[in-house]
Structure formats: C-alpha cells, structure tokens
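Below are the chains, spelled out letter by letter.
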Amino acid sequence: MSAAPTVTARIEEVRARMAAAADSAGRSLSGVTLVAVSKTFPDDAVRAVRDAGLLDFGESRAQALQQRLEASPPLAVRWHFVGRLQRNKVEMVVGHATLIHSVDRMALAERIADVAAAGDRVQRVLVQVNVSDDPDKAGFTVEETAGTVARLRQLPGISVQGLMTIPALHADPADAFQRMRNLRDDLRSHFPEVVHLSMGMSGDYEPAILHGATIIRVGTGIFGPRQ
Ligand SMILES: *Cc1c(COP(=O)(O)O)cnc(C)c1O
C-alpha cells in the first residue's frame, strides 16, 4: 500500500482551500507559504510530501530536527523550527532552520543571537505572541511585543522577520488573527523587516489567510492523523 496518493490528495485539498481563502481576501496565493509540519511522521512521509512539490517543512523539537538533518539519503528540504526551544538546544537549530518561529522569551533570543554571531551568521526568527493570553501557551504579550522587537534589533546575529501565534483553543481565531495583523502592521510601519505572520494550523488556516497570514503551519491536514 502506498501512502503517496493520499498525501497528494490531501495537499491538493489544502491548496484548493488556501486558494479559495486567498481569493476571498483579494490576496495572491504566492504571498502565503505552506509549511508542512512533519513532527512524529517518518522520513518517508517527508519524502512523499516533498515529491508532491512542497519545499518547506517544520519540526517542533531540536532532537527531531537533528534526526531529519541526518537522514540518509538527505531529505533536501528547507526546515522551519516551530516549537518550544530550550536554551541548551539552540546550537542544534541555529543555522539549520531557515526560520525559527518560536522566540518566546528574551533569554532564548539572546542565546540564538550569541550562537549565530559566533558562527558569523544571522538567524532569521519570528517573535511568538500569546495573543489570547493563554496561560498554557508560550509567547510575549501583545503589549510586550514592540519593545521586544526593538531590543532584538540591537542584537547582531538575529533578525526579526515577523510574528507567530497559536490562538487559545477557546478563543475566536478570526479575532486573534486580526489582532495579530494589526500588531504586525503597526510594527512594520516602524521596522520594515517585520513582514511575516505565521499563523493558522490544520483547523484554522483559512481564517488565518483571510486575516493576513503569510506562513501557515499544517501538520495533520497534509500527513493525516498523528498516532
Ligand atoms: C504541530 C504544530 C502545528 C501543526 O498542527 P496541525 O494541527 O497538525 O496542523 C503547527 N504549529 C505548531 C507550533 C505545532 O506544534
């Protein structure tokens, strides 16, 4: 039994729904990057999704990312880091992830900047915002975000490219996404490199696109249910 047709069908459905959402928002689909969040799925599933045409993949644990990077034959995709990152694992991620979506505290940002600068790199990151003030979710408050971005801009080794959020389960996602968009617009008027909005997962990527997401992070919608 081959998994490939199933994956292909799921990707087609996600792409069709992305296109419809972009269309109703009057946006171009080229302004939305689909990141396939592969956590817990085998390397062969990553290969099947890659062979179906996706370039961007996400992992939420440093150890898992490292294993992907060591896969043989190489997976040859672009990796995004989307999960909680411990300071002692930063070296496993910096320079390997095209974008770290989940900078959720100043000490982590400083560690990323130090490790990147020591390797003569600039690590691209997003600042994670706890837009629904969910005690179970990481991230800066909306009120803290502008000051955080201003401080991170002073650090060599790190470049803030935008914001990321995971709304609370009980929150109205459209409302949360719109507040993120307003925050991004406000920041961008001061800091032009703050462009990206990483928001929307399998259950809510359509409202995210309607409200300006430039990156969506889809796991089960592409790979199928997790065990
Ligand atoms: C797992 C995960 C996703 C994807 O979730 P799905 O519901 O499977 O689409 C997106 N973002 C983050 C941060 C995740 O950990």
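Scroll up a little and you will see the structure.
Conventions adopted
- Residues numbered from 1 in each chain as written.
- Predicted model: local features only at pLDDT ≥ 70, side-chain atom pairs only at ≥ 80, totals over all residues.
- Heavy atoms only, no water.
- Helix = DSSP H or I, 4+ residues; strand = E, 2+ residues; numbered from the N terminus.
- Rg over C-alpha atoms; globule rule 2.2 N^0.38 Å.
- Buried < 20%, exposed > 50% of the residue type's maximum accessible area, 1.4 Å probe, protein only.
- Areas by Shrake-Rupley, 256 points an atom, 1.4 Å probe, with all protein chains shown as cover.
- Lys, Arg positive; Asp, Glu negative; His and termini not counted.
- Charge placed at Lys NZ, Arg CZ, Asp CG, Glu CD.
- Salt bridge = Lys/Arg side-chain N within 4 Å of Asp/Glu carboxyl O.
- Contact = heavy atoms within 4.5 Å.
- Phe/Tyr/Trp six-rings, centres within 6.5 Å; stacked < 30°, edge-to-face > 60°.
- Arc of directions from axis to C-beta.
- Near = heavy atom within 4 Å.
- Polar contact = N/O pair within 3.5 Å; in protein donor to acceptor, adjacent residues only side chain to side chain.
- Nonpolar A, V, L, I, M, F, W, Y, C, P; charged D, E, K, R; others polar.
- Pairing = 2+ DSSP bridges.
- Right-handed = clockwise from strand over helix to strand, strands pointing away.
- Core = buried A, V, L, I, M, F, W, Y, C linked by side-chain atoms within 4.5 Å.

**Let's talk about the overall build of the chain**
Scanning the chain from N- to C-terminus turns up 8 helices and 8 strands. Here the C-alpha radius of gyration of the chain, 17 Å, is about what a compact globule of 227 residues would show, namely 17 Å. Within the chain, the fraction of its 227 residues that count as buried is 48%. In the form shown here, the chain has an accessible surface area of approximately 10,700 Å², with 49% of it arising from carbon and sulfur atoms. Charged side chains of the chain number 26 positive and 26 negative; the gap between the two group centres comes to 3 Å.

**What to know about the side chain of Asp204**
Mapped onto the secondary structure, Asp204 falls in the loop between strand E7 (196–198) and helix H7 (205–210). One buried charged residue, Asp204, remains without a salt bridge, the closest side chain of opposite sign being Arg217 at 6.9 Å. With sequence-adjacent residues up to four places away left out, Asp204 is seen in contact with Pro167, Pro173 and Phe177.

**Thoughts on the packing of aromatic side chains**
With the rule as written, the count across this model stands at 2 aromatic pairs. Both rings, one in Phe41 and one in Phe223, keep their centres 4.9 Å apart while their planes meet at 15 degrees; by these two values the pair is stacked. Here Phe41 is found in the loop between strand E1 (33–37) and helix H2 (43–51), whereas its partner Phe223 is found in helix H8 (residues 220–223), with 182 residues between them in sequence. Exposure remark for Phe41: the relative accessible area of 11% places this residue in the buried category.

**A few points about helix H5 (residues 142–152)**
Where H5 is concerned, the buried positions are Thr145, Thr148, Val149 and Leu152. Within H5, the buried residues cover an arc of 95 degrees as seen down the axis, which keeps them to one side. On its buried side, H5 packs onto strand E4 (99–103), helix H4 (106–118), strand E5 (123–129), strand E6 (158–165) and helix H6 (173–190).

**Observations regarding the pattern of salt bridges**
On inspection of all chains with the given rule, the structure shows 16 salt bridges. For Arg78, the salt bridge identified is with Asp56, shortest N-O distance 2.8 Å. On the criterion of sequence distance, the pair formed by Arg78 in strand E3 (residues 78–81) and Asp56 in strand E2 (residues 56–59) is long-range, its members being 22 residues apart. Classification of Arg78 by relative accessible area gives partly exposed; the value is 40%. On the accessibility criterion, Asp56 (7% relative accessible area) is buried.

**A look at the site of the ligand**
Taken together, the neighbourhood of the ligand is formed by Val37, Lys39, Val82, Ile166, Met201, Ser202, Arg217, Val218, Gly219, Thr220 and Arg226. Between an oxygen atom of the ligand and a side-chain N or O atom of Ser202, the distance comes to 2.4 Å. Considering the ligand on its own, with 390 Å² of exposed area, one finds that the protein chains cover 87% of that surface. When its residues are assigned to classes, the shell around the ligand shows 5 nonpolar, 3 polar and 3 charged.

**Describing the pairing of E3**
Here E2 runs beside E3; their pairing, made up of 4 bridges, is parallel. Bridge assignment links Asp56 to a residue of E3, and that residue is Arg78. Running through helix H3 (residues 62–69), the crossover from E2 to the neighbouring parallel element E3 is right-handed. Here E3 runs beside E4; their pairing, made up of 2 bridges, is parallel. Counted as the bridge partner of Phe81 is Ile100 from E4.

**Looking at the nonpolar core**
Of all hydrophobic cores here, the largest spans 64 residues; its most connected members are Val49, Phe57, Val93, Ile100, Ile112, Ile216 and Ile222. Sort the elements by how many residues they give to this core and H4 lands first, with 7 residues. When near neighbours in sequence (up to four residues on either side) are disregarded, Phe57 contacts Val35, Ala36, Ser38, Val46, Val49, Arg50, Val77, Arg78, Trp79, His80 and Phe223.

**What to know about the environment of Val77**
In this fold, Val77 is placed in the loop between H3 and E3. Each C-alpha atom, one on Val77 and one on Leu54, is 8.3 Å from the other, the two residues being 23 residues apart in sequence. Beyond its immediate sequence surroundings of up to four residues, Val77 is in contact with Arg50, Leu55 and Phe57.

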